[in-house]
Amino acid sequence: MTDRTFKPYTRPAGGWDSLRRSWQALREEGIVAGGTRALLRTNQDDGFDCPGCAWPDRNPNSTFEFCENGVKAVAAEATAHRVTRDFFAQHTVTELAAQTDHWLEAQGRLTEPMRYDAASDRYVPVAWDEAFARIAEHLNGLASPDEALFYTSGRTSNEAAFLYQLFVREYGTNNLPDCSNLCHEASGVALTEQIGSGKGSVLLEDFEHAEAIFIFGQNPGTNHPRMLGELREAARRGCRIVVFNPLRERGLERFAHPQSPTEMLTGGSTKIATDYYTPRIGGDLAALTGVAKALVERGTLDHDFIATYTTGFDAFAAHLAAQSWPLIEAQSRLTRAQLEEAAAIYDASNATIFCWGMGITQHRRSVATIQMLMAVLLLKGNIGKPGAGPCPVRGHSNVQGDRTMGIYEKPSTAFLDALQAEFGFEPPRADGHDVVSGIEAMLDGRAKVLFAMGGNFAAATPDTARTAEALRRCDLTVHVSTKLNRSHLVHGREAYILACLGRSEIDEQAGGRQAVSVEDSMSMVHLSSGLKAPASEHLMSEPAIVAHLAVATLPHSVVPWMELVSHYDRIRERIERVVPGFEAFNARVRRPGGFHLHHPGRERAFPTASGRAGFFVHALQDDANITPFKLMTVRSHDQYNTTIYGLDDRYRGVLGLRRVCFINARDLAKHGLQSGQLVDITSVWHDGERTVRGFTLVEYDIPDGCLASYFPETNPLVPLDSVAERAGTPTSKAIDVRLTPSAAGTVAA
């Protein structure tokens, strides 16, 4: 392999390289001056919420509340490039489908609604009214509302999400799959059962008081870069930061804060992780079992907390006593000494936060792992006190808010009752489809329409070939989008692209300029107000799109759709009367920084069936590979979810390519392979094999038998029915695979 494709990265995360890449992103999008002005209003009280991650804002009144990947997200949305009707006239869908995701993203902003014309294999312009009428005709022509699926991306605002679920339920179905089904569904399932709330209990201020912070299966340097500022401050005051992650990630090792004059001028940095453990892929449940066992054996538990606030401890302690250390070591690939060391660090801390990401949630036993993680917190009473608690770190900027607004295929009776009382119609009561069951329904003809509010369904979902087949079997696919993506090219017999406003753009309705609200990972709700002129005069906001579609589809609706969308305060008034915690919504959300949605765990109240937090027993099961390797899918540093900003993965030393597979030196030698070799990757499942071809092997620090590669390129390897128990999340972080030399060649050029 040459230096053009792989060069080990020796510098810390952040620093001058982060600033250079930020400047490059603005230059590539042709918005150096305008983009800089927009960034100064990002995550500000009088500005817009970053369209990237859901990490909360430290100080909304500071000058800089953005990070490198936030710059890329804002630049991509505020780009000067445009995808016009002339662009579509020049390219057939077949031609566009042959392009890479990076190329599609780079073409720029969509400018008007488009309709697929099968005769020419092109998208052609369509008037908004005609598009709504035709979509409504399809929806009203179905034998049952349950033949339609309504997907939601995590970037949809609270106001749009509330209107969307309201329309879908008045239409008559709970088929509301969303991106939570693909990422943190396991967190919600596990925590709701265990502590009575599916959300984390910590606030940003708790990071100032924590004596230890444990991070499981998360890479904040790429996925939540502003989190590194909190970790840096914690590390500098002596907080122990303990990491469990199969990959060595630079952002968890060293960080140079771009806003620190000392570190920038001297080339210095701050060490982040004080302790770094690399379990095998899927070994976290065993590792946490070992930590819990060691704690119980030490005997220094918070017995008063356990007796007062929990249930199930005796059975849990008996289960731990029965677990053998050799089994724990074999399944975690960590030694007893390492796990006892981690337990001692945790035991010595008077206030501990546990953070986790999709490296925990996308496994078969994700729910069990999260409940074991929570159990370790309960053993020492680490919830409901400053500096302590669970912190699942969500991805997209309003994925948590969308669920709060009712975007859920399994709504509670209380929510549906409140909806009925407020709007006067009987909402459907049967559970709907999540993402995986929705794909299965499209495949077997039970679902005939997919309407997607944002996102990139075809690329984000597992089992890419089967998902594409499912979409092509639909009578109609509709995507509300800001930019061209893969989903527009994998479509039903009839297809529409509804071009919408971006987060950073001015939203003008009949009642004047509007603001939307979002909820971050720590349940803070705040306003977001666009400031840039729209990319085109033909764009429509997401709330307006929902309202117009509802009017076209439901001519006898009891909901005053156009009145609600004329001023978003009216939507928020209805949210206030339906969703608990939103009392005086319009007044509270206008306060600087917004307001916090109360978490009962902060007062050590646990609204579970027992009224207490629960200890649950989860036996260790053999997840040994049925193939030589387990593969985990990861993001590169130049992407956010399925959006590809560039072809580099700076911190892992990959330059100019994405079809790579990380492997350690021992496995290279064991299997007769070499770094730089091209291989095909094949996953093995009960229904057959799936193969992706032409991936370059990259030597990396990762445990034996473990591989990592980027999504969406390796999403074709994830079997559709390989999901987390009780949560349905695709097992994208634990795929059984084998490697074979590629016919394309032996060593990459």
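The coordinates are above.
Residues numbered from 1 in each chain as written. Predicted model: local features only at pLDDT ≥ 70, side-chain atom pairs only at ≥ 80, totals over all residues. Heavy atoms only, no water.

1. Here's the deal with the overall build of the protein
Logical step 1: Across its full length, the protein holds 29 helices and 31 strands.
Logical step 2: Whereas a compact globule of 749 residues would reach a radius of gyration of roughly 27 Å, the protein reaches 25 Å, a difference of no more than 12%.
Logical step 3: Here the C-alpha coordinates of the protein stretch approximately 70 × 65 × 55 Å along the principal axes.
Logical step 4: Looking at the protein as a whole, 64% of its 749 residues are labelled buried.
Logical step 5: Long-range contacts, defined here as pairs at least 24 residues apart, represent 78% of the contacts in the protein between residues at least 6 apart.
Logical step 6: Carbon together with sulfur atoms contributes 51% to the accessible area of the protein, which is approximately 25500 Å² in total.
Logical step 7: Between the averaged position of the 75 positive side-chain charges in the protein and that of its 89 negative side-chain charges there is a distance of 4 Å. (Helix = DSSP H or I, 4+ residues; strand = E, 2+ residues; numbered from the N terminus. Rg over C-alpha atoms; globule rule 2.2 N^0.38 Å. Buried < 20%, exposed > 50% of the residue type's maximum accessible area, 1.4 Å probe, protein only. Contact = heavy atoms within 4.5 Å. Areas by Shrake-Rupley, 256 points an atom, 1.4 Å probe, with all protein chains shown as cover. Lys, Arg positive; Asp, Glu negative; His and termini not counted. Charge placed at Lys NZ, Arg CZ, Asp CG, Glu CD.)

2. As for helix α15 (residues 313–322)
Logical step 1: Buried within α15 we find F313, F316, A317, H319 and L320. Buried positions in α15, seen along its axis, are confined to an arc of 160 degrees and lie on one side of it. Exposed residues pointing more than 90 degrees away from the buried face of α15 are listed as D314, A321 and A322.
Logical step 2: If you follow the buried residues of α15, they end up packed against α13 (284–298), α14 (303–309), β12 (310–311) and α19 (366–379). (Arc of directions from axis to C-beta.)

3. Looking at the nonpolar core
Across soluble globular proteins, you tend to see nonpolar side chains buried next to one another.
Logical step 1: Core analysis: the largest hydrophobic core is formed by 61 residues, its most contacted members being F150, F167, F451 and L498.
Logical step 2: A per-element tally of this core places helix α8 (residues 158–171) first, with eight residues.
Logical step 3: When neighbours within four sequence positions are excluded, F150 is seen to be in contact with L139, Y164, F167, V168, Y171, T173, N175, L176, P177 and F451.
Logical step 4: Counting residues in each nonpolar core, the second largest holds 55 residues, with L288, F316, W356 and A613 among its members. (Core = buried A, V, L, I, M, F, W, Y, C linked by side-chain atoms within 4.5 Å.)

4. Describing the packing of helix α16 (residues 325–332) against helix α17 (residues 336–348)
Logical step 1: Interaxial distance between α16 and α17 falls to 9 Å at its minimum, and their mutual angle equals 90 degrees. The angle between α16 and α17 places the two elements in the roughly perpendicular class. Judged by residue contacts, W325, I328, E329 and S332 of α16 engage R336, L339 and E340 from α17.
Logical step 2: Of the residues belonging to the contact of α16 with α17, the class tally is three nonpolar, one polar and three charged. (Axes fitted to C-alpha atoms, helices over the stretch in contact; angles between N-to-C directions. Parallel < 35°, antiparallel > 145°, perpendicular 65-115°, else oblique. Nonpolar A, V, L, I, M, F, W, Y, C, P; charged D, E, K, R; others polar.)

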